[in-house]
Amino acid sequence: GQNIDQPTEMTATEGAIVQINCTYQTSGFNGLFWYQQHAGEAPTFLSYNVLDGLEEKGRFSSFLSRSKGYSYLLLKELQMKDSASYLCAVRDDNKLIFGAGTRLAVHP
Amino acid sequence: DTEVTQTPKHLVMGMTNKKSLKCEQHMGHRAMYWYKQKAKKPPELMFVYSYEKLSINESVPSRFSPECPNSSLLNLHLHALQPEDSALYLCASSLRDSGGINEQFFGPGTRLTVL
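As the structure is a prediction and not an experimental result, all values here were calculated from the model.

Student: Please explain the pattern of salt bridges as it appears in this structure.
Tutor: A side chain with one charge may pair with a side chain of the opposite charge, provided their charged atoms come close. Residues and elements named next belong to chain A. For the coordinates displayed, the defined rule picks out seven salt bridges over all chains. A salt bridge links R103 to E9, with the nearest nitrogen and oxygen atoms 2.9 Å apart. A residue pair is termed long-range when its members are at least 10 positions apart, and R103 in strand β11 (residues 102-107) and E9 in strand β2 (residues 9-13) qualify at 94 residues.

Student: How do you make sense of the packing of aromatic side chains when you look at a structure like this?
Tutor: What characterises a pair of aromatic rings is the spacing of the ring centres plus the angle enclosed by the ring planes. Residues and elements named next belong to chain A. According to the stated counting rule, one finds 15 aromatic pairs over all chains in the structure shown. Centroid distance Y35 to F45: 6.0 Å. Interplanar angle 70°. Geometry classified as edge-to-face. Of this pair, Y35 sits in strand β4 (residues 32-37) while F45 sits in strand β5 (residues 44-49); the two residues are ten residues apart in sequence, bridging distant segments of the chain. Given a relative accessible area of 0%, Y35 falls into the buried group. Taken together, a centroid distance of 5.1 Å and an interplanar angle of 15° make the contact between F63 and Y72 stacked.

Student: Explanation requested: the side chain of D82 of chain A in the structure shown.
Tutor: Residue and element names in this part refer to chain A. The topology assignment puts D82 in the loop between β8 (70-75) and β9 (84-92). A distance of 2.8 Å separates polar atoms of two side chains, one belonging to D82 and the other to R59. Contacts of D82, omitting those with residues within four sequence positions, involve Q36, R59, F60, L75, E77, L104 and V106.

Student: Any chance you could explain the state of the cysteines here in plain terms?
Tutor: By definition, a disulfide links two cysteine residues through a covalent bond between their sulfur atoms. Evaluation of the coordinates by the stated rule reveals two disulfides over all chains. Across the disulfide from C22 of chain A sits C88 of chain A; the S-S distance is 2.0 Å. With the S-S bond torsion at -65°, the cross-link from C22 of chain A to C88 of chain A turns out left-handed. Of this pair, C22 of chain A sits in strand β3 (residues 18-25) while C88 of chain A sits in strand β9, and the two are 66 residues apart along the sequence. C23 of chain B shares a disulfide with C91 of chain B; S-S distance 1.9 Å. The disulfide joining C23 of chain B to C91 of chain B has a torsion of about -70° about its S-S bond and is therefore left-handed. Placement of C23 of chain B in strand β3 (residues 18-25) and of C91 of chain B in strand β9 (residues 87-94) is noted, with a sequence separation of 68 residues between them. Given a relative accessible area of 1%, C23 of chain B falls into the buried group. Free of any disulfide, C68 of chain B has its nearest neighbouring cysteine sulfur in C23 of chain B, separated by 9.2 Å.

How each quantity is defined
- Residues numbered from 1 in each chain as written.
- Chains lettered and ligands numbered in written order.
- Predicted model: local features only at pLDDT ≥ 70, side-chain atom pairs only at ≥ 80, totals over all residues.
- Heavy atoms only, no water.
- Salt bridge = Lys/Arg side-chain N within 4 Å of Asp/Glu carboxyl O.
- Helix = DSSP H or I, 4+ residues; strand = E, 2+ residues; numbered from the N terminus.
- Phe/Tyr/Trp six-rings, centres within 6.5 Å; stacked < 30°, edge-to-face > 60°.
- Buried < 20%, exposed > 50% of the residue type's maximum accessible area, 1.4 Å probe, protein only.
- Polar contact = N/O pair within 3.5 Å; in protein donor to acceptor, adjacent residues only side chain to side chain.
- Contact = heavy atoms within 4.5 Å.
- Disulfide = S-S within 2.5 Å.

Now the structure itself:
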């Protein structure tokens, strides 16, 4: 079966660093995506990993370990506007399978 | 033009109505997708079109009928829906459906309410 796990909710303080973890067990793997989704809006693409290691893009970094079925999204210098849901998604062949998402609340 | 547009933004329909959702992109993408998203849940894939041909149907009930008239347009025809079909319907597109990053770009969605 397909299984993607993320924490349901996280809270953090403005200016801090937060790490959102994702573990997956899927029948196939063609890459892992992180999307950000603000309430009532469409998901927007944040990052993509297909090889093991860290990908950095400004305040956002994403890590992948394929042998462990594990990824994390690291958000630095948190801002209030980072309050959103963060969706981990695995591409299996040509389908994206989404995790349930992690709702992040950033407090002053 | 780097966006996916969807119309209408909101739709309320009865169980006997027939309506259509529309999606459009002009990024030259050849893969287009329909997702259904319930509140506080992740998007669930419904259909994938690749080069205007239906490549994936995730066992979606026949009351949902997709159509891809050309490479820029994707429709979802709705007929005899049930109240449990009320959800946000998201359209997405990507350059292709496989190989490379091919990140999906999502439209703002149509919020559907079935009475």
